[in-house]
Amino acid sequence: MRPRQLRDLTDDELQRRLAETRQELFNLRFQAATGALENTSRVKLAKKEIARILTVTTEREAKAATR
């Protein structure tokens, strides 16, 4: 998901998306450990999406603190 799309989401939607992506990353790591993972690049994409979500969350918190 693009950062612009993430910024359009509400806080609750962001938190839900973060939980879903973390669960997906857990499942991907489990598949990698068992040798069932076919697309290894998906792990990297999941990590990037988590970082993007956390960045948007941090931006919102900083913006709220300056008000």
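Residues numbered from 1 in each chain as written. Predicted model: local features only at pLDDT ≥ 70, side-chain atom pairs only at ≥ 80, totals over all residues. Heavy atoms only, no water.

Outline the pattern of salt bridges, listing residues and values.
Pairing is possible between side chains of opposite charge, provided their charged atoms come close. According to the stated counting rule, one finds 4 salt bridges in the structure shown. Two residues, Glu59 and Arg7, come together in a salt bridge whose shortest N-O distance is 3.2 Å. Of this pair, Glu59 sits in helix H3 (residues 41-66) while Arg7 sits in helix H1 (residues 3-7), and the two are 52 residues apart along the sequence. In this structure, Asp11 and Arg60 form a salt bridge, with 2.7 Å as the shortest nitrogen-oxygen distance. Pair noted here: Asp11 is in helix H2 (residues 11-34) and Arg60 is in helix H3, with a separation of 49 residues, a long-range link. We classify Asp11 as partly exposed; its relative accessible area is 48%. (Salt bridge = Lys/Arg side-chain N within 4 Å of Asp/Glu carboxyl O. Helix = DSSP H or I, 4+ residues; strand = E, 2+ residues; numbered from the N terminus. Buried < 20%, exposed > 50% of the residue type's maximum accessible area, 1.4 Å probe, protein only.)

How would you explain the nonpolar core if you had to name every residue and give the values?
Within the largest apolar cluster, 12 residues are counted, these being Leu6, Leu9, Leu14, Leu18, Leu25, Leu28, Leu37, Val43, Ala46, Ile50, Ile53 and Val56. Of all the secondary structure elements, the ones that give two or more residues to this core are H2 and H3. Considering every element that reaches this core, the biggest residue donor is H3, with 5 residues. The contacts of Leu28, once residues within four sequence positions are left out, are Leu37, Arg42, Val43 and Ala46. (Core = buried A, V, L, I, M, F, W, Y, C linked by side-chain atoms within 4.5 Å. Contact = heavy atoms within 4.5 Å.)

Got a sec to walk through H3? Specific residues and values, please.
Because an α-helix packs 3.6 residues into every turn, residues spaced three or four apart end up facing the same way. Here H3 contains 26 residues, and its C-alpha end-to-end distance of 38 Å stays within 8% of the 38 Å for a straight helix at 1.5 Å per residue. Every buried residue of H3 is accounted for by Val43, Ala46, Glu49, Ile50, Ile53, Val56 and Thr57. Residues of H3 that are buried in the fold lie against H1 and H2. (Expected span 1.5 Å × (residues − 1).)

Just give me the short version of the packing of H2 against H3, but keep the residues and values in it.
Axis separation between H2 and H3 bottoms out at 9 Å; the angle between their running directions is 155 degrees. Regarding the angle of H2 to H3, the classification is roughly antiparallel. For the crossing formed where H2 meets H3, the hand is left-handed. For the pair H2 and H3, contact is made by Asp11, Leu14, Gln15, Arg17, Leu18, Thr21, Arg22, Glu24, Leu25, Leu28 and Arg29 and by Arg42, Val43, Ala46, Lys47, Glu49, Ile50, Ile53, Leu54, Val56, Thr57 and Arg60, respectively. Taken together, the residues of the contact of H2 with H3 sort by class into 10 nonpolar, 3 polar and 9 charged. (Axes fitted to C-alpha atoms, helices over the stretch in contact; angles between N-to-C directions. Parallel < 35°, antiparallel > 145°, perpendicular 65-115°, else oblique. Left-handed = near helix turned anticlockwise from the far one by under 90°. Nonpolar A, V, L, I, M, F, W, Y, C, P; charged D, E, K, R; others polar.)

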